[in-house]
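For reference, the chains in residue letters:
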Amino acid sequence: NVVIQFGSILAVVVIYFHKLNPFSPTKTEKQKKMTIQLWIKVVIGTIPALIGGVLLNDLIESKLSNAYVVALMLIVYGILFIVIEKRNETREPKVKRLSQLSVKTVLLIGVFQIMAMIPGTSRSGATIVGALALGVSRSVAAEFTFFLAIPVMFGASALKLFKFGLAFTPMQVFLLLLGMIVSFAVSVIAIKFLMKYIKNHDFKAFGYYRIVLGIVVFLFFGIQALFK
C-alpha cells in the first residue's frame, strides 16, 4: 500500500514541478531563494513524522490496524473538519501564502502528521486539519500538505522496500508498477479537483463524508462479526 502511494507523490512533483524547482531559469533570484526556503520548511515539517515513524510504526501496525480503529478515526477527523471549519467562518486566516509559514507552524503541522500513522486518519486529512486549526488558509494548507508528502512517502516507500528485502517476483513488480501508475493518474485528477474546489468551498463536505463512511465501515464489520 505504501509503495503504491509513491505514484501519488510523483503526481505532486509533476503538477508542482515549477513551484518546487529552485533552479528554474524562469525564476528570479528572489523566487529561487523563496523556493529553497519552502524546501527547508518542508524538511522541518517532516522531522516529527520521521521520529514518530521510527518509534511508533511497529506498535501501530500491530495494535491499531483493524477496521474499528479505521472507522473511529474516519468519524473523529470528520467531526474535526466540521468543527474547525465552523470556527474559522468568523476568523481571517493568519497565513495566506506559503512564504508566511513560520518554523513553529510547520513543526506543529508536522506533529499533526504523526497522527496520520493511525489507520483511517489520512495523512493529508491530519495535516490539513492541523494547519486549519493553526490559522492557515485552505489553499496553503492543502499545498503544504502535498509538499510534506514528498519526503515522507519517498522515505516510507524506501523503508518498506528495504524491510521486504527487494525480493520481488516479476508479477509482484508488475503489480506494484501498475498500482503506482493508477495511483499517479487518479492523484493528478484528485489534486487538480481539490485545489479548484477549495477556492469556493470549505472542507465541511469532506467531514460529513468521513462521518458517513466511518459509520458504514463500523456497521459493516460489526454486523459481519455478529454472524461469524
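Just so you know, these numbers come straight off a predicted model, no measurement behind them. (Residues numbered from 1 in each chain as written. Predicted model: local features only at pLDDT ≥ 70, side-chain atom pairs only at ≥ 80, totals over all residues. Heavy atoms only, no water.)

This part is about the layout of surface pockets. Space inside the largest pocket adds up to approximately 1,700 Å³. Lining of the largest pocket is provided by 46 residues; of these, Gln 5, Ser 122, Arg 123, Ser 124 and Met 153 occupy positions nearest its centre. Those elements that provide at least two residues to the lining of the largest pocket are helix 1 (6–15), helix 3 (29–63), helix 4 (67–88), helix 6 (123–133), helix 7 (138–164), helix 8 (170–197) and helix 9 (204–226). Considering every element that reaches the lining of the largest pocket, the biggest residue donor is helix 7, with eight residues. In terms of residue class, the lining of the largest pocket is made up of 27 nonpolar, 15 polar and four charged. (1 Å grid on protein atoms, 1.4 Å probe; cavity = no way out; pocket = protein on both sides within 12 Å on 5 of 7 lines; lining within 4 Å. Points joined across faces, edges and corners; volume = space filled by probe spheres on them. Helix = DSSP H or I, 4+ residues; strand = E, 2+ residues; numbered from the N terminus. Nonpolar A, V, L, I, M, F, W, Y, C, P; charged D, E, K, R; others polar.)

It is worth spelling out the confidence of the model for the protein at this point. Counting all residues, the mean pLDDT for the protein is 89, and 100% of those residues have values of 70 or more. Ranking the helices and strands of the protein by mean pLDDT puts helix 4 first, with 94, and helix 7 last, with 83. (pLDDT = per-residue confidence, 0-100.)

All right, on to the nonpolar core then. Membership of the largest hydrophobic core comes to 45 residues, with the highest contact counts inside it found for Tyr 16, Leu 101, Phe 144, Phe 146 and Phe 147. Those elements giving two or more residues to this core turn out to be helix 1, helix 3, helix 4, helix 5 (103–114), helix 6, helix 7 and helix 8. For this core, the element with the highest residue contribution is helix 7, accounting for 11 residues. Not counting residues up to four positions away in its chain, the partners in contact with Phe 144 are Leu 38, Lys 41, Val 42, Leu 98, Leu 101, Val 106 and Ile 109. (Core = buried A, V, L, I, M, F, W, Y, C linked by side-chain atoms within 4.5 Å. Buried < 20%, exposed > 50% of the residue type's maximum accessible area, 1.4 Å probe, protein only. Contact = heavy atoms within 4.5 Å.)

Taken together, the side chains of Arg 87, Arg 91, Lys 94 and Lys 104 define a basic patch exposed on the protein surface. Taking relative accessible area as the criterion, Lys 94 reaches 65% and is therefore assigned exposed. (Patch = residues over 30% accessible without salt bridge, like charges linked within 9 Å, V, L, I, M, F, W, Y side chains within 5 Å. Areas by Shrake-Rupley, 256 points an atom, 1.4 Å probe, with all protein chains shown as cover. Salt bridge = Lys/Arg side-chain N within 4 Å of Asp/Glu carboxyl O. Lys, Arg positive; Asp, Glu negative; His and termini not counted. Charge placed at Lys NZ, Arg CZ, Asp CG, Glu CD.)

Right, let's get into the packing of helix 1 against helix 8. Relative orientation of the contacting elements helix 1 and helix 8 amounts to 45°, with a least axis distance of 7 Å. As the angle between them shows, helix 1 and helix 8 are arranged oblique. Between helix 1 and helix 8 lies a crossing whose hand is right-handed. Between helix 1, through Phe 6, Gly 7, Ser 8, Leu 10, Ala 11, Val 12, Val 14 and Ile 15, and helix 8, the contact on the second element is made entirely by Met 180, Ser 183, Phe 184, Ser 187, Val 188, Ile 191 and Lys 192. Of the residues that constitute the contact of helix 1 with helix 8, the class distribution is 10 nonpolar, four polar and one charged. (Axes fitted to C-alpha atoms, helices over the stretch in contact; angles between N-to-C directions. Parallel < 35°, antiparallel > 145°, perpendicular 65-115°, else oblique. Left-handed = near helix turned anticlockwise from the far one by under 90°.)

Glancing now at the packing of aromatic side chains. Given two aromatic rings, one states the distance between the centres and the angle between the planes to describe the pair. A full pass over the atoms with the stated rule returns eight aromatic pairs. Ring centres of Tyr 16 and Phe 146 lie 6.3 Å apart, and the angle between their planes is 35°; this geometry places the pair in the tilted category. Within this pair, whereas Tyr 16 is found in the loop between helix 1 and helix 2 (17–20), its partner Phe 146 is found in helix 7, the two being separated by 130 residues in sequence. Ring geometry for Tyr 68 versus Phe 218: centroids 5.8 Å apart, planes at 75°, classification edge-to-face. Taken as a pair, Tyr 68 in helix 4 and Phe 218 in helix 9 lie far apart in primary sequence, 150 residues in all. The class of Tyr 68 is partly exposed, set by a relative accessible area of 36%. You can call Phe 218 partly exposed: its relative accessible area is 46%. (Phe/Tyr/Trp six-rings, centres within 6.5 Å; stacked < 30°, edge-to-face > 60°.)

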